[in-house]
Amino acid sequence: MKKYKLLLSVGIVLVAAGMSAALYPHVSNSLYQKKNQDTIEDFDEGISKMYEDTDTSELSELIKEKGPDYTVSDYVKDNNITPENTDKYDWALISLLREQMESYNAALIEEGQQQLADPFSYEQPSFLLSTYSIPDNVFGHISAPSINMDLPIYLGANQYNMNFGAVHLSYSSMPIGGESTNSVFAAHRGYIGKIFFDNIVFLNIGDDVYVTNPWGKRHYKVIETEVISPYDIDRCYIREGQDLITLLTCHPYGSSEYRYMVVCEFADEEPIKQ
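The rules behind these values
Residue numbering note: each chain is counted from 1, following its sequence as written. Reporting of local features is limited, given that this is a predicted model, to residues whose pLDDT is at least 70; pairs of side-chain atoms are given and counted only at 80 or more, and all residues count toward the totals for whole chains, interfaces and linings. Each side-chain value is derived from all of the structure's non-hydrogen atoms; neither hydrogens nor water enter the calculation. Strands here are runs of E lasting at least two residues and helices are runs of H or I lasting at least four, both read from the DSSP assignment and numbered beginning at the N terminus. Exposure is judged per residue with a 1.4 Å probe applied to protein chains only, and the accessible area is read against the type maximum: over 50% gives exposed, under 20% gives buried, and values in between give partly exposed. Residue contacts follow a heavy-atom distance rule, with two residues in contact if any of their heavy atoms lie within 4.5 Å. Each accessible area is a Shrake-Rupley estimate made with a 1.4 Å probe; only the visible protein chains count as cover when residues are assessed. Side-chain rings of Phe, Tyr and Trp (the six-membered ring for Trp) are treated as a pair once their centres are within 6.5 Å; stacked means planes under 30 degrees apart, edge-to-face means over 60, and tilted covers the remaining angles. To sit over a ring, a charge needs its Lys NZ or Arg CZ within 6 Å of the ring centre and within 35 degrees of the ring normal. Take a side-chain nitrogen of Lys or Arg and a carboxyl oxygen of Asp or Glu: if they are within 4 Å of each other, that pair is a salt bridge. At least two bridges found by DSSP between two strands are what make those strands a pair. Note: the arc covers the axis-to-C-beta directions of the helix. Note on geometry: axes are C-alpha line fits, over the in-contact stretch for helices, and angles between N-to-C directions span 0 to 180 degrees.

Participant: Describe the overall build of the chain, with residues and values.
Facilitator: Within the chain, the secondary structure is distributed over six helices and eight strands. Each helix and strand of the chain, placed in order from N terminus to C terminus, yields the pattern α-α-α-α-α-β-β-α-β-β-β-β-β-β. The burial tally for the chain puts 46% of its 274 residues in the buried class. The long-range fraction of contacts in the chain, counting pairs at least 24 apart against all pairs at least 6 apart in sequence, stands at 65%. Of the roughly 14,600 Å² that the chain leaves accessible, carbon and sulfur atoms contribute 54%.

Participant: Please set out the side chain of T39 residue by residue, giving values where relevant.
Facilitator: Relative to the helices and strands, T39 resides in helix α1 (residues 2-53). Here T39 falls in the buried class, since its relative accessible area comes to 17%. Apart from residues lying up to four places away in sequence, T39 is in contact with V138, P152 and Y154.

Participant: Run through the environment of D53, naming residues and quoting values.
Facilitator: Among the structural elements, D53 can be located in helix α1. You can call D53 exposed: its relative accessible area is 54%. Separated by 38 residues in sequence, D53 and W91 have C-alpha atoms that sit 9.6 Å apart.

Participant: Before we move on, can you summarise the packing of aromatic side chains with the specific residues and values?
Facilitator: Taken as a whole and assessed by the stated rule, the structure comprises eight aromatic pairs. Summarising the aromatic geometry, the rings of Y191 and F196 are spaced 5.5 Å apart at their centres and angled 90 degrees between planes, so their arrangement reads as edge-to-face. Overall, the relative accessible area of 29% leaves Y191 in the partly exposed class. Pairwise contacts between aromatic rings join Y104, F127 and Y132 into one cluster. When the ring centre of Y70 is taken as reference, the NZ or CZ atom of K66 above it lies at 5.8 Å. Of note, K217 hangs over the ring of Y210, and the distance from its end group to the ring centre comes to 4.8 Å.

Participant: Tell me about the pattern of salt bridges, and please be specific about residues and values.
Facilitator: Using the criterion set out here, one finds eight salt bridges in the structure. Between K221 and D208 there is a salt bridge; the shortest N-O distance is 2.7 Å. Here K221, found in strand β6 (residues 216-228), pairs with D208, found in strand β5 (residues 208-213); they are 13 residues apart in sequence, far enough to count as distant. A residue is classified by how much of its surface remains accessible, and D208, at 25% relative accessible area, is partly exposed. What you see here is one network of salt bridges that share partners, running through R218, D243 and E269.

Participant: Can you lay out the pairing of strand β7 (residues 243-251) for me, pointing to particular residues and giving the numbers?
Facilitator: Of all nine residues that make up β7, eight are buried, and the element is covered over most of its length. In this structure, strand β4 (residues 181-186) lies alongside β7, joined through six bridges in parallel fashion. Looking at the pairing, T181 lines up with D243 of β7. By the bridge criterion, eight bridges tie β7 to strand β8 (residues 258-271) in an arrangement that is antiparallel. When the bridges of β8 are listed, C250 appears paired with R259. Between β7 and β8, which pair antiparallel and follow one another directly, the connecting turn spans six residues, one of which, G254, has a positive phi of 85 degrees.

Participant: Account for helix α2 (residues 56-65), naming residues and giving values.
Facilitator: Turning to α2, its buried residues are T56, L59 and I63. Projected down its long axis, α2 shows its buried positions confined to an angular sector of 70 degrees, all on one face. Exposed side chains of α2 directed beyond 90 degrees from the buried face belong to S57, K64 and E65. Trailing α2 by a residue or two, G67 shows a phi angle of about 115 degrees, which is positive.

Participant: Quick one: what's the story with unusual backbone geometry, residue by residue and with numbers?
Facilitator: With an omega dihedral of -5 degrees, the bond running from H251 to P252 counts as a cis peptide bond. Within the secondary structure layout, P252 lies in the loop between β7 and β8. At D136, a residue that is not glycine, the phi angle is positive and equals roughly 65 degrees. Position of D136 relative to the elements: it lies in the loop between α5 (119-123) and β1 (138-144). If you check the backbone angles, N137 has positive phi at about 60 degrees while not being a glycine.

Participant: Give me the sheet that holds strand β2 (residues 149-155): which residues, what numbers.
Facilitator: Pairing is mixed in the closed barrel, where eight strands are placed in the order β1-β2-β3-β4-β7-β8-β6-β5. Direction aside, neighbouring strands of the sheet carry axes that sit 30 degrees apart on average.

Scope: geometric values only; no functional claims are made or implied.
Here it is, written out as structure tokens:
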């Protein structure tokens, strides 16, 4: 009888362990999706509140009155605006970020993207968002309705950031758009307990992809899908005259031997009401 009870107890433990192992990915992903949604909502609400609380036209006029050589950077310096003495999101600092990101993109066109071939270089964020009053390194979010995907965007393709969402590769164009730009995003596929870029393989030509940043919601259309080598990073370079984003993930599922690439071209934009 004791032996029978022992075997029964062992059996119950094994069954419970098996059920836990089977349920873990589903529970973990549900928790992750909830945290994701909270992160995205915090970003959207914070940016919207900033525009509601700020007379952006008045501030723009003040800067314009100073003359053609007066920049947002000058305005921030003259008024001693820093993240320490502002609200959660500050229009002047975020406008400064835009100004500097435009310069960054222009420099990439002028100087080329050779550094994009060095994995260590694109792991480092191009901009430290906390210095521009944007918390948690969250630049916005990227979504694709046809595959039910909506992920926070983090700057810098390092392993820490990749635990939480889609990451922007430094030395690719900053995700603000414009002629001759290509913003490259990467995310995990087959990560136990979380769904990132797992389903981008189901995106078809013509499908919609959106990038929401502090200035608006940019709409793109899928124009290419392809399997490439990890060493074919030049396939993600800027294409003259085009406004693109590129999504990258490991391929095939559960392997990092190749990369699955989705290229999307700009269609239109819905600016945040200002």
